[in-house]
Amino acid sequence: MEALVCKKLGDPTLPLDHSDAPFTLSTTHPIPELTSPTSVRVRVKANSLNFATYLQILGKYQEKPPLPFIPGSDYSGIVDSVGSKVTKFKVGDPVCSFAALGSFAQFTVADESELFAVPEGCDLVAAGALPVAYGTSHVALVHRAQLQPNQVLLVLGAAGGVGLAAVQIGKACGAIVIAVARGDEKVQLLKNVGVDYVVDLSKASVIDSVKGFLKARKLKGVDVLYDPVGGKVTKESMKLLNWGAHILVIGFASGEVPVIPANIALVKNWTVHGLYWGSYKIHRPAVLEDSLKELLSWLARGKITINISHLVGFSEANLAFAAIKDRKAIGKVMIVFDNQKLARSKL
Ligand SMILES: NC(=O)c1ccc[n+]([C@@H]2O[C@H](COP(=O)([O-])OP(=O)(O)OC[C@H]3O[C@@H](n4cnc5c(N)ncnc54)[C@H](OP(=O)(O)O)[C@@H]3O)[C@@H](O)[C@H]2O)c1
C-alpha cells in the first residue's frame, strides 16, 4: 500500500523528492493486519493535517515517536475488513476517527471502540476534518467553559483549524462571537460564517478594536477567551476579560507561551482551563465520545459546515504542510488518496 513515511525529522514543506525531505512516499508498505477480534481495518479516504503534526515532523511536539513512523491524525474512510467480534461496523460502512500515528496511509487499523459512524448526509472528507479541530473546540467551549447564550466569546487565530471550529460552535451555542484573524481573505470568511465582529490584526489592535465593539453593543467585556495562539495577542486580550471569565488555553501557534498573571486571575475570579483534547481519550473517554457524536449529528444537519482551504494528494503532502506553516490555511487542510475522485466530493 501507499504510505507517507517519516524517516527523519526536518522541514515537511520540502518536496518529497528533495534530499533533505523528512518524508518518503512508500508504495510497497505492508497492508496492516487486524490486531484483535474487535479490530477494524479502514481504507483511508482523507486525512486531516493539524498544526501538531507539523510540529511533530519538525521534532518540536511534546510526543516524539521513534523513527521511522507513519504520522497520524484525524481521518475518514470506509471499513475494509472486521475482526470476528466486531459488532458495531460492517465492511463498507463510512467511519471517521483520530490516530496518534499510522493514518497517513492507504489502510489503517483501529479498535471498533475508536471509530465513529459517519451519518448519512455527511461528506466523508468533511467527517475526516472534524474530530481534532471541532472536538477540541467543542470540549473546550461546551464541556469546560460551559458557554451560554449571549455570553461574549473572543476567538484568537479564528480562521485556523481549531479557531474556525470555535467560532462555529460559539455561534451554535448562541454566544456573541468576536473573531481575531489576519488578512482580507480570512476576515471575509469569518463574516460569511456569521461572526458578530472581526478584528483584522493586519490593520487594527485587539484592545481598541474590541473595546469599540463592546461599547457600541453596550457589553461589559469578554466572558470566554479561546486561545490557540499565545504571545502578544493573548496578553492584550486579557485586558478585555470580564469578572468571572474563562480562559481556554488551547495552543501556542505564535511560538510564545503566554503568562497569565495569578494575581489578576484572583482579583477577577478568572478560571484558567488548560486543555489537551487527546488526553480525554485516556482520562474521560465518554466526554470525547459524546462530543464527537453530537458534532457529527450537527454536521449531518448543516448546523456546522467545514471549510477546507487546501485539499492535496499524498505525493504533494509538502504543500499541505506549507499551507499550515505560511498561515494560508483557512479552516482545514486535508491530504487525500484518490484525489481525482475526491475532488468531485460535495465540498
Ligand atoms: N489543546 C489541544 O488539544 C489542541 C488541539 C488542536 C490544536 N491545538 C493547537 O492549537 C494551535 C492551532 O492549531 P490549528 O490546527 O488551528 O492551526 P492553524 O490552522 O495553522 O491555525 C493557527 C492560527 O494561528 C494564527 N497564528 C498567529 N501567529 C502564528 C504564527 N506565528 N504561526 C502560525 N500561526 C499563527 C494564524 O492566524 P492569523 O494568520 O490569522 O493570525 C493561524 O490561522 C496549535 O498550537 C495546535 O497545536 C491544540
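The name given to the chain in an unreviewed UniProt entry is OLC1v1027044C2, and the organism recorded there is Oldenlandia corymbosa var. corymbosa.

### Some thoughts on the site of the ligand
Near the ligand you find 30 residues, and of these G157, G160, G161, G251 and W277 are the closest. Within the residue set of the shell around the ligand, elements represented by two or more residues are α1 (51-58), α3 (131-144) and α4 (161-172). Per element, the largest residue contribution to the shell around the ligand is three residues, and it comes from α4. Its residues placed into classes, the shell around the ligand shows 17 nonpolar, 10 polar and three charged. Lining the shell around the ligand are residues from two domains, each supplying at least three of them: domain 1 (3-130 + 306-343) and domain 2 (134-279).

### With respect to the packing of α3 against α4
Close contact between α3 and α4 brings their axes to 8 Å; oriented N to C, the two are set at 50°. By the angle between their axes, α3 is oblique relative to α4. Considering only the axes of α3 and α4, their crossing is right-handed. For the pair α3 and α4, the contacting residues are A133, Y134, T136, S137, H138 and L141 in the first and G161, V162, A165, A166, I169 and G170 in the second.

### Things to note about the domain arrangement of the chain
For the chain, the domain assignment lists domain 1 (3-130 + 306-343) and domain 2 (134-279). Computed over C-alpha atoms only, the centres of domain 1 and domain 2 are separated by 29 Å. Across the boundary between the two partners, domain 1 contributes eight residues, which contact 10 residues of domain 2. Counted by class, the side of domain 1 that touches domain 2 contains four nonpolar, three polar and one charged residues.

### A closer look at the sheet that holds strand β11 (residues 222-227)
Taken together, six strands build an open sheet; the order of strands is β10-β9-β8-β11-β12-β13 and the sheet is parallel. The sheet is open, and its two edges are formed by β10 (197-200) and β13 (271-274), each paired on a single side. In this sheet, adjacent strand axes meet at a mean angle of 15° when their direction is disregarded. Where β11 meets strand β12 (residues 241-249), five bridges bridge the pair, whose relative direction is parallel. Looking at β12, one finds that L225 is bridged to I247.

### Concerning the packing of α3 against helix α10 (residues 285-301)
Remark: α3 packs on α10, axes separated minimally by 9 Å, with the N-to-C direction vectors making an angle of 110°. It follows that α3 is roughly perpendicular to α10 by the angle criterion. Viewed along their axes, α3 and α10 form a crossing whose handedness is right-handed. Counted together, P131, Y134, G135, H138, V139 and H143 of α3 and V287, L288, S291, L292 and L295 of α10 form the full contact between these two elements. Of the residues in the contact of α3 with α10, the class split is seven nonpolar, four polar and no charged.

### Examining the UniProt feature "domain: Enoyl reductase (ER)" (unreviewed entry) in the chain
What UniProt calls "domain: Enoyl reductase (ER)" (unreviewed entry) maps, in this numbering, to residues 23-335. Note that residues 23-335 is 33% helix and 25% strand, and that its end C-alpha atoms are spaced 14 Å apart.

### A closer look at the environment of D223
As for its placement among the helices and strands, D223 is situated in strand β11. Residue D223 is classed as buried on the basis of its C-beta count, with 22 C-beta atoms lying within 10 Å. Sequence spacing of D223 and W243 is 20 residues, and the spatial spacing of their C-alpha atoms is 7.9 Å. Contact partners of D223, with chain neighbours within four places excluded, come to Q151, V152, L153, N242, A245 and H246.

### Notes on the environment of R301
Structurally, R301 can be placed in helix α10. Taking the C-alpha atoms as reference points, R301 and V195, separated by 106 residues in sequence, lie 20 Å from one another.

### Quick look at the pairing of β12
Taken together, β11, helix α7 (residues 232-237) and β12 constitute a β-α-β crossover, and its handedness is right-handed. With four bridges joining them, β12 and β13 adopt parallel strand pairing. Across the sheet, the residue bridging to L248 is H273, located in β13.

### Some thoughts on α1
Regarding α1, the residues found buried are F51, T53, Y54, Q56 and I57. Residues of α1 that are buried make contact with β1 (3-6), β3 (39-49), α4 and α11 (317-325).

Calculation rules
Going along each chain's sequence as written, the residues are numbered from 1 onward. A pLDDT threshold of at least 70 governs which residues receive local features in this predicted model, and a stricter bar of 80 or more applies before side-chain atom pairs are shown or counted, although totals over entire chains, interfaces and linings include all residues. The criterion for a residue being near a molecule or strand is simple: its C-beta atom, placed using the backbone, must lie within 6 Å of it. Labels follow the DSSP assignment, with helices taken as runs of H or I lasting at least four residues and strands as runs of E lasting at least two, numbered in each case from the N terminus. Three residue categories are used. Nonpolar comprises Ala, Val, Leu, Ile, Met, Phe, Trp, Tyr, Cys and Pro, charged comprises Asp, Glu, Lys and Arg, and polar comprises the others, including Gly. Domain borders in the structure are assigned automatically or taken from a domain database. Geometry is summarised by axes, namely lines fitted to C-alpha atoms with helices restricted to the contacting stretch, and by angles between N-to-C directions that run from 0 to 180 degrees. Under this scheme an angle from 65 to 115 degrees is roughly perpendicular, one under 35 degrees roughly parallel, and one over 145 degrees roughly antiparallel; angles in between are oblique. Should the near helix be turned counterclockwise from the far one by less than a right angle, the crossing is left-handed, whereas a clockwise turn marks it as right-handed. Residues are defined as contacting one another if the C-beta atoms placed from their backbone atoms lie within 7 Å. Strands pair, by our definition, only if DSSP identifies at least two bridges between them. UniProt positions are given in the numbering used here, feature names are shortened, and annotations may be inferred rather than shown by experiment. We call a residue exposed when 12 or fewer other C-beta atoms sit within 10 Å of its C-beta, buried when the count reaches 20 or more, and partly exposed for counts in between; the C-beta positions come from the backbone. Seen with its strands pointing away from the viewer, a crossover is right-handed when the path leading from the first strand over the helix to the second is clockwise.

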